[in-house]
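Each chain is listed here by its residues.
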Amino acid sequence: MDLWAIDRWARRNGPLHRAAPQAKLAGVALALAALSLSTRPEVVGALAVAWFLVVIGTRVPATAALLLIGYAMGFASLYAFLTWEGSWPDAALLVMKAGGAAASVLSLIVTTPYPEVFRALRRWLPPLLVDALLLTYRSIFILLHRWEHLWDALRLRHGFSRRHPVHSARAMAPGLGVLLVGALDRSETLYDAMLLRGYRGRITAPKRYAFRKEDLVPLTLGLLSLALSMGTCGP
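I will try to describe carefully the structure that is included in this document.

Cut-offs and rules
- Residues numbered from 1 in each chain as written.
- Predicted model: local features only at pLDDT ≥ 70, side-chain atom pairs only at ≥ 80, totals over all residues.
- Heavy atoms only, no water.
- Helix = DSSP H or I, 4+ residues; strand = E, 2+ residues; numbered from the N terminus.
- Buried < 20%, exposed > 50% of the residue type's maximum accessible area, 1.4 Å probe, protein only.
- Contact = heavy atoms within 4.5 Å.
- Areas by Shrake-Rupley, 256 points an atom, 1.4 Å probe, with all protein chains shown as cover.
- Axes fitted to C-alpha atoms, helices over the stretch in contact; angles between N-to-C directions.
- Parallel < 35°, antiparallel > 145°, perpendicular 65-115°, else oblique.
- Left-handed = near helix turned anticlockwise from the far one by under 90°.
- Salt bridge = Lys/Arg side-chain N within 4 Å of Asp/Glu carboxyl O.
- Phe/Tyr/Trp six-rings, centres within 6.5 Å; stacked < 30°, edge-to-face > 60°.
- Nonpolar A, V, L, I, M, F, W, Y, C, P; charged D, E, K, R; others polar.
- Core = buried A, V, L, I, M, F, W, Y, C linked by side-chain atoms within 4.5 Å.
- Expected span 1.5 Å × (residues − 1).

Here the focus is the overall build of the protein. Secondary structure assignment for the protein yields 10 helices and zero strands. From first element to last, N terminus to C terminus, the protein shows the α and β order α-α-α-α-α-α-α-α-α-α. Within the protein, the fraction of its 235 residues that count as buried is 35%. The contacts in the protein between residues at least 6 apart in sequence include a share of 77% that link residues at least 24 apart. Accessible area for the protein stands at about 14400 Å²; split by element, carbon and sulfur atoms hold 67% of it.

What follows is the structure, given as structure tokens:
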């Protein structure tokens, strides 16, 4: 999965792309509330499918969307297995809720440039925490890029083989150590550079929110999700 593609998708021009980050955050929050409140598998499944259709409606390839949502469902399946109490419906409900939550959050990520997401979060979270999350998000892509080069070098020099897992693990361990030390060194260098350039606990300031007609799209989706969940909460 090319995670760099997420940035490209977020900068397209569509109805959901043009909506304000605050409206999309509110819509996702309503969707997450709907998924949390519902106890009926058919409703959770319908919400998960609906938000998946929203994601691919933003021109994200269906295969890529399924892969990203599948990560969350995979971890949820592992958790359901570890906490298994003999109830298949409960396990299925947990996995579907994870898929629906991932799809709704993905609809925000693939339609909003990451600086705008963190800028909007400044109204509800401490500035220092938002800055840390912003730098962590960008650092993930940098570390993945460095890992790709490191993996290619290790593979060419040591000849990894599935038939020799012990040898492969021994060759990989120093590489992971180098990557970790490099990440720590890079973080210190980045922080020193930010201080020299005037960083005093704030990277970007939140923008004043002004309602626009495109904001109705995520808000309506979130409200419909919550209405469907609340309308089927009865016995």
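Further remarks concern unusual backbone geometry. Of note, Arg59 is a non-glycine position whose phi angle comes to about 75°, a positive value. Here Arg59 is to be found in the loop between helix H4 (41-57) and helix H5 (62-82).

Where helix H3 (residues 21-37) contacts helix H10 (residues 216-231), the two axes come as close as 7 Å, and the packing angle between them is 15°. Taken as axis vectors, H3 and H10 run roughly parallel relative to one another. Of the two possible hands of crossing, H3 and H10 adopt the one that is left-handed. Across the interface between the two elements, Ala23, Lys24, Ala26, Gly27, Leu30, Ala31, Ala33, Ala34 and Leu37 of H3 pack against Pro218, Leu219, Gly222, Leu223, Ser225, Leu226, Ser229 and Met230 of H10.

Time to look at the pattern of salt bridges. In the structure shown here, the tally under the stated rule is two salt bridges. A salt bridge links Arg18 to Glu214; the shortest N-O distance between them is 3.5 Å. One end of the pair, Arg18, is in helix H2 (residues 15-18); the other, Glu214, is in the loop between helix H9 (165-196) and H10, and 196 residues separate them in sequence. Exposure remark for Glu214: the relative accessible area of 16% places this residue in the buried category.

What follows covers the environment of Asp131. Positionally, Asp131 belongs in helix H8 (residues 127-158). Classification of Asp131 as buried rests on a relative accessible area of 3%. Each C-alpha atom, one on Asp131 and one on Pro115, is 10.0 Å from the other, the two residues being 16 residues apart in sequence.

Take the packing of aromatic side chains next. Enumeration over the complete set of coordinates arrives at one aromatic pair. On the numbers, 4.8 Å between centres and 65° between planes, the contact of Trp84 with Trp88 is edge-to-face. Residue Trp84 is classed as partly exposed on the basis of its relative accessible area of 38%. Look at Trp88 and you get exposed, because its relative accessible area is 66%.

With that out of the way, let us pick up the packing of H3 against helix H6 (residues 88-109). Between H3 and H6, whose axes approach to 9 Å, the crossing angle comes to 175°. Judged by the inter-axis angle, H3 sits roughly antiparallel to H6. Of the residues in H6, those in contact with Lys24, Leu25, Val28, Ala31, Leu32, Leu35 and Ser36 of H3 are Lys97, Gly100, Ala101, Ser104, Val105, Ser107 and Leu108. Of the residues that constitute the contact of H3 with H6, the class distribution is eight nonpolar, four polar and two charged.

Of all hydrophobic cores here, the largest spans 18 residues; its most connected members are Trp9, Val60, Ala65, Ile69 and Leu106. Elements with a contribution of two residues or more to this core: helix H1 (4-10), H4, H5 and H6. Val28, Tyr114, Val117 and Val130 belong to the second-largest nonpolar core, a separate cluster that totals 10 residues.

For H4, built from 17 residues, the straight-helix expectation of 24 Å at 1.5 Å per residue is met to within 8% by its first-to-last C-alpha distance of 24 Å. Taken residue by residue, H4 has Val43, Val44, Gly45, Leu47, Ala48, Trp51, Phe52, Val54 and Val55 as its buried positions. On its buried face, H4 is in contact with H2, H3, H5, H6 and H10. Following H4 by one or two positions, Arg59 has its phi on the positive side, about 75°.

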